[in-house]
Amino acid sequence: MEILDFEFAGNNVNLGVLEKNASMISDKKIGFGCVDSSVNEVDDKNDVDNLVKKAVEIVGKDNLLLDPDCGLRRAPKDVAFQKLKLMNDIKDKYS
């Protein structure tokens, strides 16, 4: 299995690129960065949910692997935990 991993929360241009090229990567899993690791506050749940919803429409829920944009090493532990919890809660919505 091949996985392509991209940032989407901090780079709104990438969603359009994904949509335009979805047919070229239909056999790949997409690591979908859906929380912004460049800010040390928890992302808005509705914003993240809408972003994931668009991704599901483009590549399908079975092809998505939700992850932070670029890791959370620099985030305070409580913020990192809340971002991960948010991703997990949204993932459960599409399971």
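Look above for the structure.
All figures in this text were calculated on a predicted structure; none of them were measured in a lab. (Residues numbered from 1 in each chain as written. Predicted model: local features only at pLDDT ≥ 70, side-chain atom pairs only at ≥ 80, totals over all residues. Heavy atoms only, no water.)

So, the pattern of salt bridges
Under the definition given, this model contains 6 salt bridges. Measuring nitrogen to oxygen at the nearest pair gives 2.7 Å for the salt bridge that ties Asp43 to Lys83. Placement of Asp43 in the loop between strand 2 (29-35) and helix 2 (45-59) and of Lys83 in helix 3 (residues 77-93) is noted, with a sequence separation of 40 residues between them. For Asp92, the salt bridge goes to Lys91, with nearest N and O atoms at 2.5 Å. (Salt bridge = Lys/Arg side-chain N within 4 Å of Asp/Glu carboxyl O. Helix = DSSP H or I, 4+ residues; strand = E, 2+ residues; numbered from the N terminus.)

Describing the side chain of Asp69
Position of Asp69 relative to the elements: it lies in the loop between strand 3 (64-68) and helix 3. Buried Asp69, no salt bridge; nearest opposite-charge side chain is Lys83, N-O distance 8.4 Å. Of the polar contacts made by the side chain of Asp69, one reaches the backbone nitrogen of Ala9; its length is 3.2 Å. Within the structure, Asp69 has its side chain in polar contact with the backbone nitrogen of Gly10 (distance 2.6 Å). The residues touching Asp69, leaving out its near neighbours within four places in the chain, are Glu7, Phe8, Ala9, Gly10, Gly33, Cys34, Val35, Asp36 and Ser37. (Buried < 20%, exposed > 50% of the residue type's maximum accessible area, 1.4 Å probe, protein only. Lys, Arg positive; Asp, Glu negative; His and termini not counted. Polar contact = N/O pair within 3.5 Å; in protein donor to acceptor, adjacent residues only side chain to side chain. Contact = heavy atoms within 4.5 Å.)

A word on the sheet that holds strand 3
What the 3 strands build is an open sheet, ordered 1-2-3; its pairing is parallel. Each edge of the sheet is formed by a strand with only one pairing partner; in this case those strands are strand 1 (3-7) and strand 3. Geometrically, the sheet is characterised by an average inter-axis angle of 30 degrees between neighbouring strands, direction not taken into account. Two strands pair when backbone bridges link them, and strand 1 and strand 2 are joined in this way by 5 bridges, in the parallel orientation. Within strand 2, the position partnered with Asp5 by the bridge is Gly31. Against the sheet, helix 2 makes contact with strand 2 and strand 3, and its axis sits at roughly 165 degrees relative to strand 2, the strand it touches most. Those strands touched by helix 3 are strand 2 and strand 3, and its axis lies near 160 degrees from that of strand 3. (Pairing = 2+ DSSP bridges. Axes fitted to C-alpha atoms, helices over the stretch in contact; angles between N-to-C directions.)

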